[in-house]
Amino acid sequence: LFDQALDADDDNSKLSKDQRYDMLLASAHFHKEEFGDAEEASKRCREAIKINSKNPRAIAQYADLLWKHHDDVNLADKYYRQAMKMDHNNAVHILEYAQFQIEGRKNIGMGEHYLQMAMKKDPSNADVLLAHARFYKEHKKNDKKAYEYYKKAVDRHADDAELHMEFAEFVSQDMRQFREVEKGRMLTNSSVAEEHLVKAVEANPREPSYIVALANYLGETGRKKEARALYNQALGYDEYNADTLGAFAVFLEEQMKDYDEAEQMYLRAVRAAPNQNGILYNVALFYDEKKKDYEQADDFYLRALEANPKDSTMNEAYADFLAYKMNNTALAQNYYSAAESGKSVIPLSKPKKGRPANLRQDAVDLEQDPLSSSSDDSSEDESESGESSSLVSSRSSRSETSSGSTASTESSSTSGSGPRDKRKRLNKMIASAKEEEKKQKKLQRRDSEKSCTIS
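(A) Spotlight on the overall build of the protein. Looking only at helices and strands, the protein has 22 helices and two strands in total. Buried residues in the protein amount to 45% of all 455 residues. Taken as a whole, the protein presents about 24,600 Å² of accessible surface, with 46% of it coming from carbon and sulfur.

Put into C-alpha cells, the structure is as follows:
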C-alpha cells in the first residue's frame, strides 16, 4: 500500500510535499522494522531529505540507518549532529545521539553527557527516563539509580505494559536484594516484581505474553493454582500460541510433575511452531530426562539443531546425550567440538521431508568439512530459526534459547563442566575403548593361530 500510494503520486502529484515526506518516512520505518530492508529504508529517507532538507526527522532516521545497518559511524555522526543543530530543543534527537555515542562510538563519558542534556530538555519523557535506567544498570552498575529512573518512568507512564515488564525483570533478576518501606508497606524485590507484572497485564489484558510472564512468576514462587489458571486464560485468547503452550508445558513438567499432560502440551507447542528451536530443545530434554524415551529425544535434539545448528548449549547437551545415553562417543566428539568452536556439524544429505537426516550416519568432521567456514548461509539460518520467547520458563539444564520469566532463576548447562572438560573425559573413554578393542583383536589372533596349529 505504501508503494502504491507513492507510485501513484509520482504520476498524478496528488500528495503535498509534507504528505509525501511523511509517507516516505513511514514507508522507510516499515521497510526497516517489518522486512529488515535497510537499503530500501535508506532510499526512502534520502528521497525525504531531498523533498525537505530543513526537517530533521528524516536526517535523524537516516543517521540511525547509517550507524546500525551500514556501519558508517563517521557519516552517521555528521547526520546526528545536523539533526540536533536544526532542532536543538528536541530531547529525542539528543537521546539518539547519546545512544550512538555509547553503543556506536563506545564513548561512555560523551554518551552520559548527552543523556544528561536530554534529561534537562524533557525530564518527563519516558524514552529519556528509560535510557537513564538502562545506562545506570548496564554501564554504571548502579542498581539504586537504575531503580530510581525505572520507578519514575513507570509512575509517569502507567499504561506502558512493556515498561512494567522491563522494570519487573530488572527488579527480580538484576537488582540486588533490597527492603524498604514506602507509604507504610514493605517493598522487596519479589513484591515489586509481582506488582509490575500485574500492572503490565492490566495495561494490556488480552496480550498472552504478559499473562504468561505473570503465570511463570507465580509458578516459580509456589502459587501453582493461580499460575495454572493464568496459563489457561492466556490460551483462551490464543490457543495456538507456541510460546504460551511451551511455557505451560514447562510448568506442568517442573512444577506439577504431570508428565503425561506436559507431553501433550509440548506436542501442541511443536505443532504450533515446528521450527522453533527453543521449544524443540525443551521437548528433547523432556524425553531424555523425564520420559527416558531416547529415540524421541534423539529426534528432537536433531530437529532443534537443524533449526539452530551453531547453538553451543544444544550442541553440548546433544554430545552428552550421545556419549552417555547412546554410547556413541565418536559422534559425540564432533558435537563437543561444535559447542566449543561455534561451528555446526553439517549433514551430507539433505533432510527428508517430515524427518531430519540421520546425523549419526551423515555427520562430517568439522576439521575436514570445507563448508564449515562458510558464513553466508549461517546468518540466514539463524534469522529464520525462531528464537524462543523469553517468557518460557528456564530450567537448570536449559539454554538461554528458552530462558525464563521474571522470577530469579539460574540457568546452567547439563552438567557442571564445560566442553573442554567433557572432551577430556570423552578422550579417556575413547582411549579405553581402543585399548579394549586391541585386546580383543590380540585374543582373536591367538585363537586363529591356535586353530591353524590344530588343523
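(B) The arrangement of the packing of helix H2 (residues 17–35) against helix H3 (residues 38–51) in detail. Across the interface, H2 lies against H3 with an axial gap of 8 Å and an inter-helix angle of 160 degrees. Classified by the interaxial angle, the pair formed by H2 and H3 is roughly antiparallel. The crossing of H2 and H3 is left-handed. On the side of H2, the interface is formed by Lys 17, Arg 20, Tyr 21, Leu 24, Leu 25, Ser 27, Ala 28, His 31 and Lys 32, while H3 contributes Glu 40, Ala 41, Arg 44, Cys 45, Glu 47, Ala 48 and Ile 51. Counted by class, the contact of H2 with H3 contains eight nonpolar, two polar and six charged residues.

(C) Region of interest: the pattern of salt bridges. Applying the stated criterion across every chain yields a total of 23 salt bridges. Among the ionic pairs, Lys 32 bridges to Glu 33, the shortest N-O distance being 3.5 Å. We classify Glu 33 as partly exposed; its relative accessible area is 45%.

(D) Molecular detail of the packing of aromatic side chains. Throughout the structure, instances matching the rule amount to 25 aromatic pairs. Relative to Phe 167, the ring of Tyr 147 has its centre 5.5 Å away and its plane inclined at 50 degrees; by these criteria the two rings are tilted. Taken together, the residues Tyr 147 in helix H9 (residues 143–156) and Phe 167 in helix H10 (residues 161–174) connect sequence positions 20 residues apart. Across this residue pair, the class does not change: Tyr 147 and Phe 167 are buried. Their ring planes at 45 degrees and their centres at 5.1 Å tell us that Tyr 266 and Phe 286 sit as a pair that is tilted. You can see Tyr 266 sitting in helix H15 (residues 259–272) and its partner Phe 286 sitting in helix H16 (residues 277–291), a full 20 residues away along the chain. The pair formed by Tyr 266 and Phe 286 is uniform in burial state, with each residue classed as buried. Connected via pairs of aromatic rings, a cluster forms that spans Tyr 281, Tyr 294, Tyr 301, Tyr 318, Phe 321 and Tyr 335.

(E) Looking closely at the pairing of strand E1 (residues 179–182). By the bridge criterion, four bridges tie E1 to strand E2 (residues 185–188) in an arrangement that is antiparallel. Across the sheet, residue Glu 182 finds its bridge partner in E2, namely Arg 185.

(F) Representation of unusual backbone geometry in the model. The phi dihedral of Asp 71 is positive, around 55 degrees, even though this residue is not glycine. Of note, Asp 71 is situated in the loop between helix H4 (56–68) and helix H5 (73–86). At Lys 292, a residue that is not glycine, the phi angle is positive and equals roughly 55 degrees.

(G) Representation of a negative patch on the surface within the structure. On the surface, a cluster of negative charge is contributed by Asp 127, Asp 159, Asp 160 and Glu 162. Among the secondary structure elements, Asp 160 is positioned in the loop between H9 and H10.

(H) Just the packing of helix H17 (residues 294–307) against helix H18 (residues 312–325), in detail. Where H17 meets H18, the axes come as close as 10 Å, and the angle between the chain directions of the two elements is 155 degrees. Comparing their axes, H18 and H17 come out roughly antiparallel. Both H17 and H18 take part in a crossing whose hand is left-handed. Counting all contacts with H17, which are made through Tyr 294, Ala 297, Asp 298, Tyr 301, Leu 302, Ala 304 and Leu 305, the residues of H18 involved are Met 314, Asn 315, Ala 317, Tyr 318, Phe 321, Leu 322 and Lys 325. In the contact of H17 with H18, the residues fall into 11 nonpolar, one polar and two charged.

Conventions adopted
Residues numbered from 1 in each chain as written. Predicted model: local features only at pLDDT ≥ 70, side-chain atom pairs only at ≥ 80, totals over all residues. Heavy atoms only, no water. Helix = DSSP H or I, 4+ residues; strand = E, 2+ residues; numbered from the N terminus. Buried < 20%, exposed > 50% of the residue type's maximum accessible area, 1.4 Å probe, protein only. Areas by Shrake-Rupley, 256 points an atom, 1.4 Å probe, with all protein chains shown as cover. Axes fitted to C-alpha atoms, helices over the stretch in contact; angles between N-to-C directions. Parallel < 35°, antiparallel > 145°, perpendicular 65-115°, else oblique. Left-handed = near helix turned anticlockwise from the far one by under 90°. Contact = heavy atoms within 4.5 Å. Nonpolar A, V, L, I, M, F, W, Y, C, P; charged D, E, K, R; others polar. Salt bridge = Lys/Arg side-chain N within 4 Å of Asp/Glu carboxyl O. Phe/Tyr/Trp six-rings, centres within 6.5 Å; stacked < 30°, edge-to-face > 60°. Pairing = 2+ DSSP bridges. Patch = residues over 30% accessible without salt bridge, like charges linked within 9 Å, V, L, I, M, F, W, Y side chains within 5 Å. Lys, Arg positive; Asp, Glu negative; His and termini not counted. Charge placed at Lys NZ, Arg CZ, Asp CG, Glu CD.

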